[in-house]
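# Remarks on the overall topology
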Amino acid sequence: MKNIYEVRSANKIKSTIIVVLFFLFVLISVYFISEALGIYLGYKPGGFGFLGIALIVSGISTFISYYFSDKIVLGISGARLATNKEDKLFMSVAENLCIGAGLPKPKLYVIEDTAPNAFATGRNPEHSVICITTGLLDKLTRTELEGVIAHELTHVKNLDIRLMSIVSVMVGLIALLGDWFFRISWRGRSRDSDDKSQLGAVILILGIIFAILSPIIAKLIQLAISRRREFMADAGSVEITRQPDGLISALEKISSDTEALEAANKATAHLYIVSPFKLNTLGQGRTVNKFANLFNTHPPISERIATLQKMS
Amino acid sequence: MIYVLIGIILVLVFWVISTYNFFVSSKTRIKASIQEIGNQLKRQADLIPNLESSAKGYLKHEKGVFELLTSARKQIVGAIESGDLNKMTKASSAISDLLPKLTIAVEDNPELKADTVINKLMDELRDTSDKVMYSRRLLIDLTADYNVKRVSVPSSFVASMFKFDELKGLETAETGDHVTVSSDEMKSPKVNL
């Protein structure tokens, strides 16, 4: 039995450890891949040319998606602005929870879809967006809805959207570097291969190893961070509402719903409160497949509910 | 060597400044959250007369509920005028105390239960009491964060250096009915269906 404050600090520590590990990993692998690339093309070790280009390419693409994330995601999912007339319940619940969390009121959107789900986006609390489906409004009670919206508000409060954007710049950076490495070495344009020093050879081998493995590992750590932030948001939701039962039964309802959310796709899946791809979540109801779990953006519902039950 | 020393000092100074700023800004936020409680109570006081007049026709036979609504409004208005946090706390629970009574009255009258005006009244009352409850929650959370940081190492050094006092936050009596459990409350409830 842990109270919410203990859960909060435990979550914070775990999350910080993963994030720090992730950045260390990215630093090391990016260094070796770019060094190896340089050596392969006949430069002396120590240049940052390729690293710089990859950082710029990956950075710009993610910056655009980060800065306009709200507009892009809302555009993709076809959401409309919530109105006081149609979505009174949603408006008042969100407003009340913002008072409790001490956050500015986010822009509220509704997707016309009977599959119940919700997500939050936006680069900071001042530009945040919370979006829910009409299915969620119809199927949940007020207490359950409060649990879901408080979960989304915690994502906003913890700046999760910003963190995940930075992480995806890093993952994109590694993927780009790895890709370039193999493209260039495939052509085999090594100019002065006899000039290689022993250090250069070692770095080259390390570079090959990192180029193969690190895109996968980086992606896996990214998913682990995403799952950890979901746990944090669940705990944060309880911190605001003090009613774990609301979120528990909401999670049960959302995950047991068999409809797939049409508006969601792979790019936006990690944003939702419950993964919109039902195949992933349903299979894990009884036995949690640890290996399959590694590739999920969300922790299994059963595990989330078990964690929440410990808090009540 | 000298650069390392300068670096350490810079980090330390930066830490002291940011911790000091945490204390100052949370003090301001706590003050603001007290104002928010008053603000929500004001909204409640403005809202009640409207609700009263719109539901008057429906609640003719429920004089008791009606009187409670009126006295709750008076209490809230008085508390806002006094500006005293203690009085505001007391007044803020007036509406949430009223809700169960109203629910019973509605449950007893099937025709009331189906009526949209009454349902709207109940929704509005729950909403306004939620708003007041959450504004109190913010005050509680902010003062808890502030007070924890004030006594925990290492931020306690900054707190004692600049004499940041403990803040009381939401004042509740430390003794009384709400911290004791009577023998009646220990019995598991029997429900007759």
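Residues numbered from 1 in each chain as written. Chains lettered and ligands numbered in written order. Predicted model: local features only at pLDDT ≥ 70, side-chain atom pairs only at ≥ 80, totals over all residues. Heavy atoms only, no water.

## Things to note about the overall build of chain B
Secondary structure summary: chain B contains seven helices and zero strands in total. Seen in sequence order, chain B has helices and strands lined up from the N terminus as α-α-α-α-α-α-α. Burial analysis of chain B (193 residues in total) assigns 34% to the buried set. In chain B, of all internal contacts separated by at least 6 residues, the share reaching a separation of at least 24 is 74%. Accessible surface computed for chain B: about 12400 Å², of which carbon and sulfur atoms make up 60%. (Helix = DSSP H or I, 4+ residues; strand = E, 2+ residues; numbered from the N terminus. Buried < 20%, exposed > 50% of the residue type's maximum accessible area, 1.4 Å probe, protein only. Contact = heavy atoms within 4.5 Å. Areas by Shrake-Rupley, 256 points an atom, 1.4 Å probe, with all protein chains shown as cover.)

## Examining the packing of helix α8 (residues 198–241) of chain A against helix α5 (residues 116–151) of chain B
Two packed helices can be described by the angle between their axes and the distance between those axes. At their nearest, the axes of α8 of chain A and α5 of chain B sit 10 Å apart, and the two run at 115° to each other. Here α8 of chain A lies roughly perpendicular to α5 of chain B, going by the angle between them. On α5 of chain B, the residues that touch Glu239, Ile240 and Thr241 of chain A of α8 of chain A are Tyr134, Arg137 and Asp141 of chain B. Class assignment of the residues belonging to the contact of α8 of chain A with α5 of chain B gives a composition of two nonpolar, one polar and three charged. (Axes fitted to C-alpha atoms, helices over the stretch in contact; angles between N-to-C directions. Parallel < 35°, antiparallel > 145°, perpendicular 65-115°, else oblique. Nonpolar A, V, L, I, M, F, W, Y, C, P; charged D, E, K, R; others polar.)

## Considerations on the interface of chain A and chain B
Taken together, the contact pairs 18 residues of chain A with 14 residues of chain B. Together, the buried faces of chain A and chain B total about 1300 Å²; carbon and sulfur atoms form 41% of this surface. Considering only the surface of chain A that becomes buried against chain B, Asn96, Ile99 and Arg142 of chain A emerge as the three largest contributors, covering 39% of it. Applying the counting rule to chain A against chain B returns six salt bridges. (Buried area = accessible area lost by both parts, 1.4 Å probe. Salt bridge = Lys/Arg side-chain N within 4 Å of Asp/Glu carboxyl O.)

## Section: the packing of helix α6 (residues 142–157) of chain A against helix α9 (residues 244–256) of chain A
Residue and element names in this part refer to chain A. Where α6 meets α9, the closest approach of the two axes is 7 Å, and the angle between their N-to-C directions is 90°. Classified by the angle between their axes, α6 and α9 sit roughly perpendicular to one another. In this structure, α6 contributes Thr143, Glu144, Gly147 and Val148 to the contact, and α9 contributes Gly246, Leu247, Ser249, Ala250, Lys253 and Ile254. Among the residues forming the contact of α6 with α9, the class breakdown is four nonpolar, four polar and two charged.

## Structural notes on helix α12 (residues 301–311) of chain A
The complete set of buried residues in α12 of chain A reads Ile301, Arg304, Ile305, Leu308 and Met311 of chain A. End-on, the buried residues of α12 of chain A take up no more than an arc of 110°, which puts them together on one face. (Arc of directions from axis to C-beta.)

## Structural notes on the pairing of strand β2 (residues 107–111) of chain A
Residue and element names in this part refer to chain A. For β2, the tally of buried residues reaches four of five residues, placing the bulk of the element in the interior. Bridge count for strand β1 (residues 80–81) against β2 is two bridges, and the pairing is antiparallel. For Arg80, the partnering residue across the bridge sits in β2 and is Val110. Both β2 and strand β4 (residues 129–133) contribute to a ladder of five bridges, which runs parallel. Within β4, the position partnered with Tyr109 by the bridge is Cys131. (Pairing = 2+ DSSP bridges.)

## Some thoughts on the packing of aromatic side chains
All names here are of chain A. Counted under the stated rule, the structure contains eight aromatic pairs over all chains. Residues Phe32 and Phe210 carry aromatic rings whose centres are separated by 5.4 Å and whose planes lie at 0° to one another, so their mutual orientation is stacked. Taken together, the residues Phe32 in helix α1 (residues 4–40) and Phe210 in helix α8 connect sequence positions 178 residues apart. Each of the two residues, Phe32 as well as Phe210, counts as buried. (Phe/Tyr/Trp six-rings, centres within 6.5 Å; stacked < 30°, edge-to-face > 60°.)

## A closer look at the confidence of the model for chain B
Residue and element names in this part refer to chain B. Overall, the predicted model of chain B reaches an average pLDDT of 80, with 87% of residues at or above 70. Element-level pLDDT for chain B is lowest in helix α4 (residues 110–113), with a mean of 66, against a maximum mean of 89 in helix α6 (residues 155–161). For this predicted complex, the interface score ipTM comes out at 0.72, while the overall pTM is 0.79. (pLDDT = per-residue confidence, 0-100.)

## A few points about the side chain of Thr133 of chain A
Residues and elements named next belong to chain A. Along the chain, Thr133 turns up in strand β4. A polar contact of 2.7 Å, which involves the side chain of Thr133, links it to the backbone oxygen of Ala115. If we ignore the near neighbours within four places in the chain, the residues touching Thr133 are Ile111, Asp113, Ala115, Pro116, Asn117 and Leu261. (Polar contact = N/O pair within 3.5 Å; in protein donor to acceptor, adjacent residues only side chain to side chain.)

## Notes on the confidence of the model for chain A
All names here are of chain A. In the predicted model, chain A carries a mean pLDDT of 79, and 83% of its residues have values of at least 70. Within chain A, the element-level pLDDT minimum falls on helix α10 (residues 278–282), averaging 48, and the maximum on α6, averaging 92. Between residues 279–287, whose pLDDT stays under 50, and residues either more than four places distant or in other chains, the model counts eleven contacts.

## Comments concerning the pattern of salt bridges
For side chains of opposite charge, pairing can occur when their charged atoms come near one another. On inspection of all chains with the given rule, the structure shows 20 salt bridges over all chains. For Glu95 of chain A, the salt bridge is made with Lys131 of chain B, and the minimal N-O distance between the two is 3.8 Å. Taken as a pair, Glu95 of chain A in helix α4 (residues 88–101) and Lys131 of chain B in helix α5 lie in two separate chains rather than in one. Salt bridges here are not isolated pairs; linked through shared partners, they connect Glu95, Lys105, Arg142 and Glu146 of chain A together with Arg43, Arg126, Asp127, Asp130 and Lys131 of chain B.

## What to know about the pairing of strand β3 (residues 118–121) of chain A
Residues and elements named next belong to chain A. Residues of β3 alternate between two faces, with Ala118 and Ala120 on one and Phe119 and Thr121 on the opposite face, all of them buried. In this structure, β3 lies alongside β4, joined through four bridges in antiparallel fashion. Bridging from a neighbouring strand, Ala118 pairs with Ile132 of β4.

## Let's talk about the sheet that holds β3 of chain A
All names here are of chain A. Taking strand neighbours across the sheet as the criterion, the four strands line up as β1-β2-β4-β3 in an open arrangement whose pairing is mixed. Since the sheet does not close on itself, it has two edges, and those belong to β1 and β3, each with one partner. Running at roughly 145° to β2, α4 makes contact with β2 and β4 of the sheet. Contacts between α6 and the sheet are confined to β3 and β4, with β3 contributing the most and set at about 25° to the helix.

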